[in-house]
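Descriptive structure summary
Below are the chains, spelled out letter by letter.
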Amino acid sequence: MVKTMKWLKRNSEVIIIPFIYILIAGLQRAGILNNYIIQVIMLGGINIIMTESLNLVNGLTGQNSIGHAGFMAVGAYVSALFSKVIFNAGGLPPTSQTLVFLLATLMGGIAAAIFGYLIGTPTLRLKGDYLAIVTLGFGEVIRSIIRITPPVGAARGMTGIPKLANLFWVYLFVILAIYVCRNFMDSSYGRACMAIRDNEIAADTMGINTAKYKIIAFVTSAFLAGVAGSMYAHTLRYLHPDVFGYTKSTDFLVYLYAGGVGSISGSILGAFTLTALPEVLRFMKEWRLVIYGGLLVVIILFRPVGMFGGNEFSFLKLKTGGIKSVGFSDLFKRKRHQELSNKEGIQ
Amino acid sequence: MSVLKADHISIQFGGLRAVNNFSLEMNEKELFAIIGPNGAGKTTVFNMLTGLYQPTEGAVYVNEKLMTNCKPYQFTEAGLARTFQNIRLFGQATVLDNVKMAQTFRTNYSYYNMLTRTGNYYEEEKRITQRSMELLEMFDLQDKRNYFASNLPYGEQRKLEIVRALATDPKVILLDEPAAGMNPNEIDDVITLIRRVREELGKAILIIEHHMKMVMSIAEYIKVLDFGETISEGVPEVVQNDPKVIEAYLGVHVNDSRG
């Protein structure tokens, strides 16, 4: 019994993760959270996957991808084509719908990963900011191609996508994405990427094949972005190419840097709070975006390392990266953690 | 067995021949040094030996493997490691992680095993951590394993660079000015450390150093460079008394005959 308690204390995530889901789903069932709020929560989850995905490239590997919405668009349209046009999943029984949805999500992820490989291979072999320029261009090119492609609705947008995603699936994929990123970060792959971020020449002379690891991180990231795109398509049931424009990519960058670049927990926190905030502030009408912008300025001025700094939630059990794990309660106590650790090193 | 061999290598940057016709052959456990005035091309030689530059002529062999057109990481895989004149640690990572990062190519688990944490993931991670800790303990850095590398004092950063190079398990290790910016006490520590690396771990060492006392006390064989040419080579005593070396360092004695 005591042993079980101790184990539970060390592995608190096995309770916390289902608990959060049951809480949200229960409140929904009880009618306290209406469909609108649930949709905001789902979009928050999708943005978490996107921000985690971006964190692998921008935070961990130190490369700049500034057109990540392009991969999301690829994932969204490919998966929507799959479930709507190929399988016409709207009329299928629920079990088949689930299978089609999972398959479509996988296809969306793989399609995005293929694009990631195609544009990552030539650019990531070079040192410098070429990736930023190429991804920026890629995002716009994808959007323009979709605009002139009739089978996916061209500029009118794609309608009638079956609503296959629900709170459960989004939540599950968020958890999976977090664990994929955690496992990636806490492995020789993640360490190689961090070495490249800190000093590419030194990484190269320490036996790290820099091009290979940059491409691995980028393709993994693109896959996750494709998965997020599939979630997006099957949640909103309507896709318009202009949604995946440059502003969307910038949103993810804002979530990432406001939450704390390089930190998985920071990405979760940044993506979720900044998705929810404009909705929470809706009662302020035209002032809400002023407050939103003001808050970002405050974060940049007073906490340039992001809300979460270099910290991580303890349930992630990260050993790599010089990170001190914190619980929720420590979040506000250790505000100066990063500054302090820079001075004296953490023990 | 030769662990590092440079066969008449030269490099040309536009109209400048930075290094001309440099040759070197090192066997296991040997300790060589390259000296020369500033701008003589010592670091350029290092960059050619480690793959950062491709020689325009000649060839480099690491462990008797021809390294033409290889990338620096392939040099490391072949059994060569180096440190840098201006320290290049992974500053945002901890001391322990710095050492682990250098073992990336010695870690054997697949991408799938990494993502799912199955197979030999845990064994390999444990093995790397243990090996890293052994190295850190050997050089008295174990208490600082959780410090960010950029927060270490200067002398320990240099030491960590050497430990990190050792973590790649090389046959030969190249040290670029390991004693730069150190006081006499610290230089003595570096000398002890280099001797230990060679005697306890059995590595061949090639160093570039300006500190003559140090070079003369540890090196078995010295090559002197000036303007990219090898002007003298031999055991320390020979090099010390070579008029060409004295000329390169101190200038020519001019007999002013005009009166």
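Residues numbered from 1 in each chain as written. Chains lettered and ligands numbered in written order. Predicted model: local features only at pLDDT ≥ 70, side-chain atom pairs only at ≥ 80, totals over all residues.

Turning next to the overall build of chain B. In terms of regular secondary structure, chain B is built from 10 helices and 10 strands. The C-alpha atoms of chain B give a radius of gyration of 20 Å, which matches the 18 Å a tight globule of 259 residues would have. Reported as C-alpha extents along the three principal axes, the dimensions of chain B are approximately 85 × 40 × 35 Å. Each of the 259 residues in chain B was classed as buried or not, and the buried ones make up 43%. For chain B, contacts bridging at least 24 residues in sequence account for 66% of all contacts bridging at least 6. (Helix = DSSP H or I, 4+ residues; strand = E, 2+ residues; numbered from the N terminus. Rg over C-alpha atoms; globule rule 2.2 N^0.38 Å. Buried ≥ 20, exposed ≤ 12 C-beta atoms within 10 Å, placed from the backbone. Contact = placed C-beta atoms within 7 Å.)

Here the focus is the overall build of chain A. From N to C terminus, chain A includes 15 helices and 2 strands. Relative to the 2.2 N^0.38 estimate, which gives 20 Å for 347 residues, the radius of gyration of chain A is 20 Å and therefore close to what a compact globule would have. Classification of the 347 residues of chain A by burial places 49% in the buried group. The contacts of chain A with a sequence gap of at least 6 include a subset with a gap of at least 24, amounting to 78%.

So, on to the interface of chain B and chain A. Tallying the contact residues gives 30 residues for chain B and 28 residues for chain A. Mapped onto the side of chain B that touches chain A, the elements with two or more residues apiece are helix 2 (72-78), helix 3 (95-101) and helix 4 (111-116) of chain B. By residue number, the principal contributor to the side of chain B that touches chain A is helix 2 of chain B, which donates 4 residues. Counted by class, the side of chain B that touches chain A contains 12 nonpolar, 10 polar and 8 charged residues. (Nonpolar A, V, L, I, M, F, W, Y, C, P; charged D, E, K, R; others polar.)

Our next topic: the pairing of strand 3 (residues 31-35) of chain B. Residues and elements named next belong to chain B. When you tally the buried positions in strand 3, you get 4 out of 5 residues, the bulk of the element. Strand direction decides the pairing type here: strand 3 and strand 8 (residues 204-208), joined by 4 bridges, are parallel. The residue bridging Leu31 from the neighbouring strand is Ile205, located in strand 8. Pairing of strand 3 with strand 9 (residues 221-226) involves 4 bridges; the strand directions are parallel. (Pairing = 2+ DSSP bridges.)

What follows concerns the sheet that holds strand 1 (residues 2-13) of chain B. Residue and element names in this part refer to chain B. With antiparallel pairing, 4 strands are arranged side by side in an open sheet as 2-1-4-5. Of all the strands in the sheet, just strand 2 (16-27) and strand 5 (65-66) have a single pairing partner and so form its edges. As paired strands, strand 1 and strand 4 (residues 57-62) are joined by 5 bridges and run antiparallel to one another. Considered in strand 4, the bridge of Ala6 is made with Val60.

Let's shift gears to unusual backbone geometry. Residues and elements named next belong to chain B. In this structure, Asp140 is a non-glycine residue whose phi angle is positive, near 60 degrees. Relative to the helices and strands, Asp140 is located in the loop between helix 5 (121-138) and helix 6 (154-167). Phi is positive for Phe227, which is not a glycine, with a value near 50 degrees.

Across its 19 residues, helix 7 (residues 167-185) of chain A extends 27 Å between first and last C-alpha, which sits within 8% of the 27 Å expected from 1.5 Å per residue. Residues of helix 7 of chain A that are buried include every one of Trp169, Val170, Phe173, Val174, Ala177, Ile178, Val180, Cys181, Arg182, Phe184 and Met185 of chain A, and no others. Packed against the buried residues of helix 7 of chain A are helix 3 (35-61), helix 8 (188-198), helix 10 (210-236) and helix 12 (264-280) of chain A together with helix 4 of chain B. (Expected span 1.5 Å × (residues − 1).)

For the rest of this paragraph, the subject is the sheet that holds strand 3 of chain B. All names here are of chain B. Taken in spatial order, the 6 strands make up an open sheet running 6-7-8-3-9-10, and their pairing is mixed. Edge positions in the open sheet fall to strand 6 (80-82) and strand 10 (229-234), since each of these has one partner strand only. The sheet shows a mean angle of 15 degrees between the axes of neighbouring strands, direction not considered. (Axes fitted to C-alpha atoms, helices over the stretch in contact; angles between N-to-C directions.)

Time to look at the environment of Phe227 of chain B. Residues and elements named next belong to chain B. Assignment of secondary structure puts Phe227 in the loop between strand 9 and strand 10. Given 15 C-beta atoms within a 10 Å radius, Phe227 is considered partly exposed. Once the C-alpha coordinates of Phe227 and Gly39 are considered, the two residues, 188 residues apart in sequence, prove to be 7.0 Å apart.

All names here are of chain A. Packing of helix 3 against helix 11 (residues 246-259) leaves a shortest axis separation of 9 Å and a crossing angle of 75 degrees. As summarised for this structure, helix 3 and helix 11 are arranged roughly perpendicular, according to the angle between their axes. Along the contact surface, helix 3 presents Asn47, Met50, Thr51, Leu54, Asn55, Asn58 and Gly59, while helix 11 presents Phe252, Leu253, Tyr255, Leu256 and Gly259. Across the contact of helix 3 with helix 11, the residue classes break down as 6 nonpolar, 6 polar and no charged. (Parallel < 35°, antiparallel > 145°, perpendicular 65-115°, else oblique.)

Residues and elements named next belong to chain A. Residue position: Ala228 is located in helix 10. Its 34 C-beta neighbours within 10 Å are what place Ala228 among the buried residues. For the pair Ala228 and Gly109, spaced 119 residues apart in sequence, the C-alpha to C-alpha distance is 8.2 Å. Residue contacts for Ala228: discarding those within four places in its chain leaves Ile46, Ile49, Met50, Ser53, Met72 and Gly75.

The next thing to look at is the nonpolar core. Of all hydrophobic cores here, the largest spans 168 residues; its most connected members are Ile49, Met72, Tyr77 and Ala228 of chain A. It is helix 10 of chain A that provides the largest number of residues to this core, a total of 14 residues. (Core = buried A, V, L, I, M, F, W, Y, C linked by C-beta atoms within 7 Å.)

All names here are of chain B. Tracing the backbone shows Ala204 in strand 8. Judged by the 23 C-beta atoms lying within 10 Å of it, Ala204 is buried. Taking the C-alpha atoms as reference points, Ala204 and Leu4, 200 residues apart in sequence, are found 8.9 Å from one another. Setting aside its immediate chain neighbours within four residues, Ala204 contacts Val3, Leu4, Met26, Asn27, Glu28, Lys29, Glu30, Lys171 and Val172.

Turning our eyes to something else, we now look at the pairing of strand 10 of chain B. Residue and element names in this part refer to chain B. Judged from the 5 bridges that link them, strand 9 and strand 10 form a sheet pairing that is antiparallel. The residue of strand 10 that forms the bridge with Asp226 is Glu229. Between strand 9 and strand 10, which pair antiparallel and follow one another directly, the connecting turn spans 2 residues, one of which, Phe227, has a positive phi of 50 degrees.

Residues and elements named next belong to chain A. For chain A, the mean per-residue pLDDT works out to 85, and 91% of the residues sit at or above 70. Least confident of the elements in chain A is helix 14 (residues 330-333), whose mean pLDDT is 42; most confident is helix 10, at 94. The low-confidence segment residues 321-347 (pLDDT under 50) makes 41 contacts with residues lying over four places distant or belonging to another chain. (pLDDT = per-residue confidence, 0-100.)

In a packed pair of helices, the relevant descriptors are the angle between the two axes and the axis-to-axis distance. Residue and element names in this part refer to chain A. Contact geometry of helix 7 with helix 10 gives a least axis separation of 11 Å together with a crossing angle of 175 degrees. Looking at the two axes, helix 7 sits roughly antiparallel to helix 10. For the pair helix 7 and helix 10, contact is made by Val170, Phe173, Ala177, Val180 and Phe184 and by Thr220, Leu224, Val227, Met231 and Thr235, respectively. Partitioned by chemical class, the residues of the contact of helix 7 with helix 10 number 8 nonpolar, 2 polar and no charged.

For chain B, the mean per-residue pLDDT works out to 89, and 97% of the residues sit at or above 70. Interface confidence for the predicted complex, given as ipTM, is 0.89, next to a pTM of 0.89.

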